[in-house]
Amino acid sequence: MSTAGHALTDSATMLRRQLRHMLRYPTLTLTTAGVPVVFLLLFVYVLGGILGSGLGGPGGRDTYVNYVVPGVILMTAATAAQGTAISVAIDMTEGIVARFRTMAIARVSVLTGHVLGSLTQTLLSMTIVTGIALLVGFEPTADFGEWLGAIGVLVLIIFALTWLSVALALMAKSVAAASNMLTPLMILPMMGSGFVPTESMPAGLRWFADYQPFTPFIETLRGLLMGTPIGNNAILAVGWCALIALGGYLWAKKLYNRELTR
């Protein structure tokens, strides 16, 4: 078997390992969805009436739920990235990687298994969050093609954030450190256009919100699901995804190879 074929086979084996973990501990998927759902219910039912009045149109809670759901969906990706970091850190600190080191498996397959497993789990969590959003009044206008586009954008974002989380987890010295390092990532959707328009923010915060990656992520997803103008946000979103994914992959590969040669 060729080197590439060997890597694909080993990556599929590691993916099955991650999927078995996911099936054995379904609460992990529910927990990943739980935090965004809490924010969704909080902002819609407690603050939605007030915040929705500043969005134009009929205003109120019905307007706000349609505005906030894309940001909440992206928060799910950030929450799942933290879970991935914890999973990788556990592997690195509890000895399983030392066992893998003695086996004839492709080095990249361990990390690839984590990434693909996290991608699957995050999409399931997003499905749960979207289902609950529909129950509380979310009314997307997307047709079939736009839904496919939205799913494609989400896959790119999850893939990029997961590689970043893997790299940060490999850099961390403990499971707790890996968990804490991803906390800022969960805040970025709230410091972008996820919950309020950036135009309502103070000048300095608005500058940060406009130029951080989650704002084009959210605006692209919102445009696909709700028909709002996307502008150049789709290009920026894809560019950010490519940059984060490539940087995260190269960083993670370097750290993992260094760990294996110790």
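What counts, and where the lines are drawn
- Residues numbered from 1 in each chain as written.
- Predicted model: local features only at pLDDT ≥ 70, side-chain atom pairs only at ≥ 80, totals over all residues.
- Heavy atoms only, no water.
- Phe/Tyr/Trp six-rings, centres within 6.5 Å; stacked < 30°, edge-to-face > 60°.
- Helix = DSSP H or I, 4+ residues; strand = E, 2+ residues; numbered from the N terminus.
- Buried < 20%, exposed > 50% of the residue type's maximum accessible area, 1.4 Å probe, protein only.
- Contact = heavy atoms within 4.5 Å.
- Expected span 1.5 Å × (residues − 1).
- Salt bridge = Lys/Arg side-chain N within 4 Å of Asp/Glu carboxyl O.

### Regarding the packing of aromatic side chains
- Following the criterion strictly, the structure yields eight aromatic pairs and no others.
- Considering the side-chain rings of Phe214 and Phe217, the 5.6 Å spacing of their centres and the 70 degrees angle between planes classify their relative orientation as edge-to-face. Linking Phe214 with Phe217, this pair stays in helix α10 (residues 214–226), spanning three residues, or about one helical turn. Exposure class is identical for Phe214 and Phe217. Each is buried.
- Each member of the aromatic cluster is reached from another via a ring pair, and the members are Phe39, Phe43 and Phe195.

### Some points on the side chain of Ser118
- Relative to the helices and strands, Ser118 is located in helix α5 (residues 107–135).
- Classification of Ser118 by relative accessible area gives buried; the value is 4%.
- Apart from the residues lying within four places of it in its own chain, the contact partners of Ser118 are Ala80, Thr84 and Thr162.

### Section: the environment of Gly71
- Along the chain, Gly71 turns up in helix α3 (residues 60–93).
- Residue Gly71 is classed as buried on the basis of its relative accessible area of 0%.
- Taking the C-alpha atoms as reference points, Gly71 and Phe217, separated by 146 residues in sequence, lie 8.8 Å from one another.
- Excluding anything up to four places from it in sequence, Gly71 contacts Pro189, Gly194 and Ile218.

### Let's talk about α10
- Counted at 1.5 Å a residue, the expected span for α10 with its 13 residues is 18 Å, and the 17 Å between its end C-alpha atoms agrees.
- Within α10, 13 of the 13 residues are buried, leaving the element largely enclosed by the surrounding structure.
- In the stretch just after α10, Gly227 is the one whose phi turns positive, near 75 degrees.

### Quick word on the pattern of salt bridges
- On inspection of all chains with the given rule, the structure shows two salt bridges.
- Salt-bridge contacts for Asp210 lead to Arg206; the nearest nitrogen and oxygen are separated by 3.6 Å. In this pair, Asp210 and Arg206 both sit in helix α9 (residues 203–211), four residues apart, roughly one turn of the helix.
- Judged by relative accessible area, which is 32%, Asp210 ranks as partly exposed.
- Judged by relative accessible area, Arg206 falls into the partly exposed class, the value being 34%.
- Ionic pairing is found between Glu219 and Arg222, a salt bridge with its closest N-O pair at 2.6 Å. Pair noted here: Glu219 and Arg222 are both in helix α10, with a separation of three residues, about one helical turn.
- On the basis of relative accessibility, which here comes to 17%, the residue Glu219 falls in the buried class.
- For Arg222, a relative accessible area of 4% gives the class buried.

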